[in-house]
Every structure is written in structure tokens, then in C-alpha cells.
Amino acid sequence: MIEKTLYELSSPGRVGVQFPDVDVPLSKLPDNFLRDDLPLPELSEIDVIRHYTHLSHLNYCLDEGFYPLGSCTMKYNPRVNEAMARLPGFAGAHPLQPVESIQGSLVVMYNLQEMLKEISGFDGITLQPAAGAQGEFVGVMIIRAYHLSRGDVKRKKMLIPDSAHGTNPASSAMIGYEVASIPTDRRGNVDLGALRAACDDTVAGIMITNPNTLGLFDENIVDVINIVHQAGGLVYGDGANMNALLGIVRPADLGIDVMHFNLHKTFSTPHGGGGPGSGPVGVNQKLVDFLPGPIVDVIEEGDDEMPPLYGFVQPKKSIGRVKAFHGHFGMHVRAFTYISMNGAEGLRTVAEMAVLNANYLLAKLKGTYKLPYDRICMHEFVLEGNFKDVPDVHALDIAKRLMDYNFHPPTNYFPLIVHEALMIEPTETESKQNIDAFADAMLNIAREAHESPELLQTAPHNTPIRRLDEVKAAKDLVLCCWLPEKAE
Ligand SMILES: *Cc1c(COP(=O)(O)O)cnc(C)c1O
């Protein structure tokens, strides 16, 4: 089923707006602005509203159902965040206003920085990066700036475990580092022997995700960090999995030097089409001078009569600005709201419930699906989406069949080290009933895989479009699929 476009719905003479009578003198537009041949659809307001509402219903979203997309932490985005971000004082602020006139916005940014410091143990924060991946890029730039500032010019190798998210090697390569892949051991930890062997005086650092993308807390994390530090390297923490650690482990206490947060994962700001991301970066004391600037700080202490004045400061050896203005401020308001609403106790409960929900779901599925690294998981886990006795059913088929059950599929084929990976993250915001319903669907699908595998291989059956050529869809994007025929 292909949706009609607004052009096809167009009917000559139909209008959706009424302009007021002109009450200013008319001026002549340049001739090339006025084009009779410019194809514009003619529609009423209700045509347009129905068209877009209908399109929105073709999409699956978090507000509609369970979304266990591993590594993405698709938790519910509380509506109070939206209400706060829409307050006119925040929504209407302009980044070029004099600081005296935007003190409220600066207080929010300053306090968000302080909260992220307290949660992570870091000494300095930049709110500028627009996403986790940009945070990684910034963090690796800071690592490079640190080594160069010490005249340590030999370091050009970044160590990255083979379970890492693809953005880690991409960020390192963009900075000009060589990437050395470190294998994972049988328990799902970084292989310490291989790590030691790779460590020499050309190592700039390691990028490590903990809990890692298998959903496992690295049992040797302190050793990993010490080995890299002893070689003179720095440790970059990929903080995408902070949801499992809130209020329990502070990454800086483990010895991590620099880390990004994903506000759109851990701190409930919207993902993707729902809004821009935000990837603040935290650093320890020896790196604070390298942070991108400007950074919000108190520029005049207050006293009994006057509150402090907030403004911007530039770190001494800053790598420079990495984003227009001050990052995605609306996301800072939402994350600040989320952290404030939860409080310290609440954040710890978030992590505990995220881990409990994942282990509950894992316990229901692991007898039926193979669990390659059989350990207690953190906030997510990775199964094999493949059965020995039905080798022609793949993780992709299971993912597509889940759509017939009205669930968003888990992340699949990632991490790369698990055969036919299905990476499942229920998050703390799902009820036991929802998790049970998802587990039932997964168990049914496993039964179908044995009894009628074609049901899976031909899924999905109810979606407007069936299976896409995903590579073509990403590489050969057609954003405008219909144009009127040109008049001869
Ligand atoms: C999501 C994610 C990233 C990248 O973050 P974005 O905000 O999507 O750019 C990096 N590493 C891991 C482990 C992730 O899950």
C-alpha cells in the first residue's frame, strides 16, 4: 500500500487558509519569485490534518508500545519535561541575549552540569555536544589535546574492544587515530592478556563501554583502566549505558578520565525524530582546561541581597567550540527536570528497576533462546536469534515477526561478536504486564519458528510496507517520491 501524496490529493481551487485583507501598501515582487509553473498542492485544512495524522499512525513510537531497542534506552519521556521546556522564558530565550536577561536559563544549565558531576564523579562538564557520537569525538579530541600539550606526540593508537558501538572506532578514526581492536574473553569481559599486549607508548587511550554492549559489567574494569594508565594512555568511557549505574557506580571513581552522557537515553529526553539528542561530556581534573567553551559558571558571587550572576567562561586550553551556541538547550531543560523530579534516591531506583526488569525478562527467555554469555545482566542482554534445528530462521526474521505482534523489534546483528544477535533492553518504565506480554510473544515466535518457519521468513504481514532493502533505503534516500508531470 503506497500512501497518496498531497499532490495526488490536491483539487484545483481548494484552499486551506484565509488571508486577512491587505492593510499595507503592496510592493512588487521580483519576477522570478512569481512562478505560475510552481507546483503546489491545493488542499483544505482537514485534508492536510488527516494526511499527516494518518502518516503519523504508520509509525511505531514509544508512546504507542514496548520498544526494547537494546543500547538505545527507549524509556518513557515524561510529559512534565515537555511542559518545562515549553515555558515561555525557556522556549523564547535567544542565545545572543545579554546574560543578565537569561539568568533562569543559565541557572538550569549550571545546575545540570553540577548534577551530572555528582552522578558521574567528574570535575568538569560541557553541555555542547549534540549526541553521544559527537561527545565521543569531543572526548577523543580532548585526549589528543592532553597528550600534545605534554609534548607526547608518539601516541596515535586508540584501543577499542570488539564489542564496541560503531561510533567508537568512527570517532577515533575521524581524529586521525589508528584503531586497535581488543577481543572479548569467554565471560564477556575485555581480554586482559590482549590488552596488555596492545599497550605501549603509542597508545593514546582506550574507549570502553561499561556495562558493555553485551549488557555485562566488566568484572576487570579497574584492571583495564590501570593497565591503560600505566602505559600512559587515557580512558574514555562510553556512557551510553549509564542507566544501569545511576546512584550505584560513579565512572570517575573507577578511574575513567572522560565520558559522554546520552541525555536522550539515560535522562529521558526524546530520541531521533522526537527531538535532537544531547551528549554532554564529563572530564576529570587533569582535563578540565581542555573542555570546549564557553561553559556556564558563576561570574559574580552573590551575597545576602543579590543572587549570584551566571555567565560564560572559556576553559584555558579549550579545544574550541564544537556546536553553535550552547548545545541543545531544550534538552538541558528536560534532563534537568527529569533529574530534579527523581532526586538522588529516585535515580538509584531507576537503575535498580532497569536491571531488575532486564533480568526478569532474561530469565523468561533464556531457556528458549541461546544466551551466549550466561551471566546476570545489567540493564540489557543479548540472545542468539537462531535455532540449531531451524537454521533458516534468522534474527532478522524474529525481529520482523515481532512487528506482527505489535512490538518494536530489539536491536539486531549488534554487537558484532554475537552470532545472530538480538539485543534486548526493556527499561525501567515498563510494567511487569508489558514485559510478560513481550516474553509471551518471543516464546510464541520461537514455537512458530519450529512449526511454521515461513510465518517468520515472510513477516511482517500487517505493516504498510513489508521488507525493505535496508542498505538501499539508507544509501539511496528518496525524500521526494512524487513530482507533477512537467507541462510540455
Ligand atoms: C547510542 C550509543 C552511542 C552513540 O550515541 P548517539 O547519541 O546515538 O550518537 C555510542 N555508544 C553506545 C554504546 C550507544 O548505545
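Each value, and the rule that gives it
- Residues numbered from 1 in each chain as written.
- Predicted model: local features only at pLDDT ≥ 70, side-chain atom pairs only at ≥ 80, totals over all residues.
- Heavy atoms only, no water.
- Helix = DSSP H or I, 4+ residues; strand = E, 2+ residues; numbered from the N terminus.
- Contact = heavy atoms within 4.5 Å.
- Polar contact = N/O pair within 3.5 Å; in protein donor to acceptor, adjacent residues only side chain to side chain.
- Domains from an automatic or database assignment.
- Buried area = accessible area lost by both parts, 1.4 Å probe.
- Near = heavy atom within 4 Å.
- Pairing = 2+ DSSP bridges.
- Axes fitted to C-alpha atoms, helices over the stretch in contact; angles between N-to-C directions.
- Phe/Tyr/Trp six-rings, centres within 6.5 Å; stacked < 30°, edge-to-face > 60°.
- Buried < 20%, exposed > 50% of the residue type's maximum accessible area, 1.4 Å probe, protein only.
- Lys, Arg positive; Asp, Glu negative; His and termini not counted.
- Salt bridge = Lys/Arg side-chain N within 4 Å of Asp/Glu carboxyl O.
- Core = buried A, V, L, I, M, F, W, Y, C linked by side-chain atoms within 4.5 Å.

Novice: Could you clarify how one ought to interpret the environment of Gln-134 in this entry?
Specialist: Mapped onto the elements of the fold, Gln-134 is located in helix α6 (residues 132–149). Taking the C-alpha atoms as reference points, Gln-134 and Gln-113, separated by 21 residues in sequence, lie 18 Å from one another. Excluding its chain neighbours within four sequence positions, the residues that come into contact with Gln-134 are Gln-128, Pro-129, Val-322 and Lys-323. Among the polar contacts listed, one links the side chain of Gln-134 to the backbone oxygen of Val-322, at a separation of 2.7 Å.

Novice: I would appreciate a short explanation of the domain arrangement of the chain in the present structure.
Specialist: Interface size, as often reported, equals the accessible area lost upon joining of the parts. Parsing the chain into structural domains produces domain 1 (6–57), domain 2 (79–340) and domain 3 (348–474). Measuring from the centre of the C-alpha atoms in domain 2 to the corresponding centre in domain 3 gives 30 Å. The interface is formed by 26 residues belonging to domain 2 together with 21 residues belonging to domain 3. For the pair domain 2 and domain 3, the summed buried surface comes to about 1,800 Å²; carbon and sulfur atoms form 62% of the total.

Novice: Honestly, the site of the ligand in this entry has me stumped. Any pointers?
Specialist: Residues in close proximity to the ligand total 13 residues, the closest being Ser-71, Gly-132, Asp-238, His-264 and Lys-265. At 2.5 Å, a side-chain N or O of Ser-71 approaches an oxygen atom of the ligand. Between a nitrogen atom of the ligand and a side-chain N or O atom of Asp-238, the distance comes to 2.5 Å. If you tally residues by element for the shell around the ligand, the top one is α6, at three residues.

Novice: Quick question: what am I supposed to make of the sheet that holds strand β4 (residues 203–209) here?
Specialist: Two modes of strand pairing occur in sheets, parallel and antiparallel, and in both the strands are linked by backbone hydrogen bonds. Read across the sheet, seven strands follow the order β1-β7-β6-β5-β4-β2-β3 without closing on themselves; strand pairing throughout is mixed. Two strands in the sheet have a free side with no partner beyond their single neighbour: β1 (124–126) and β3 (178–182). The mean inter-strand angle of the sheet, taken between neighbouring strand axes irrespective of direction, is 20°.

Novice: Got a minute to help me understand the packing of aromatic side chains in this structure?
Specialist: Any pair of aromatic rings gets described here by the distance separating the centres and the angle formed by the planes. One pass over the structure, following the stated rule, counts ten aromatic pairs. Here the aromatic rings of Phe-66 and Phe-438 are separated by 4.9 Å at their centres, their planes lie at 50°, and the arrangement is tilted. Remark: Phe-438 occurs in helix α13 (residues 432–451) and Phe-66 occurs in the loop between α2 (45–57) and α3 (79–85); sequence separation between them is 372 residues. Across this residue pair, the class does not change: Phe-66 and Phe-438 are buried. Aromatic rings pair up to connect Phe-66, Phe-407 and Phe-438 into one cluster.

Novice: Help me out: how do you make sense of the environment of Pro-415 in this one?
Specialist: With respect to the element layout, Pro-415 can be found in the loop between β11 (411–412) and β12 (421–424). Here the alpha-carbon distance between Pro-415 and Ser-71, two residues 344 residues apart in the chain, equals 9.7 Å. With near-sequence residues (within four places) excluded, Pro-415 lies in contact with Ser-163, Thr-213, Leu-214, Val-382, Ala-421 and Met-423.

Novice: Would you mind showing me how to read the side chain of Glu-430 here?
Specialist: With respect to the helices and strands, the residue Glu-430 is situated in the loop between β12 and α13. In this structure, Glu-430 is buried with no salt-bridge partner, the nearest side chain bearing the opposite charge being Lys-75 at 11 Å. Only 2.8 Å separates the side chain of Glu-430 from the side chain of Asn-434, close enough to count as a polar contact. Excluding its chain neighbours within four sequence positions, the residues that come into contact with Glu-430 are Phe-66, Asn-357 and Ile-435.

Novice: So what exactly am I meant to see when it comes to unusual backbone geometry here?
Specialist: Note: most residues except glycine have negative phi, and most peptide bonds are trans. In this structure, Pro-211 follows Asn-210 across a cis peptide bond, with omega equal to -5°. With respect to the helices and strands, the residue Pro-211 is situated in the loop between β4 and α9 (221–230). Gly-293 connects to Pro-294 through a cis peptide bond whose omega is 0°. At Ser-71, a position not held by glycine, the phi torsion is positive, near 80°. Summarising the element assignment, Ser-71 is placed in the loop between α2 and α3. Of note in the backbone geometry, Thr-427 takes a positive phi value of approximately 70° without being a glycine. Within the secondary structure layout, Thr-427 lies in the loop between β12 and α13. Looking at Thr-427, the relative accessible area reads 1%, which means it is buried.

Novice: Sorry if this is basic, but what is going on with the nonpolar core here?
Specialist: If you look at the biggest cluster of nonpolar residues, it comprises 57 residues, and the most contacted ones within it are Leu-116, Leu-159, Leu-195, Leu-246, Phe-261, Phe-267 and Ile-339. Mapped onto this core, the elements with two or more residues apiece are α5 (103–120), β3, α8 (192–198), β4, α9, α10 (251–254) and α11 (329–365). Built from parts of two domains, this core gets at least three residues from each of domain 2 (79–340) and domain 3 (348–474). Setting aside residues no more than four positions away along its own chain, Leu-116 makes contact with Gly-121, Ile-125, Leu-127, Phe-261, Leu-263, Phe-267, Pro-280 and Ile-339. One finds Val-393, Phe-407, Ile-424 and Ile-445 within the second-largest nonpolar core, a separate group that totals 28 residues.

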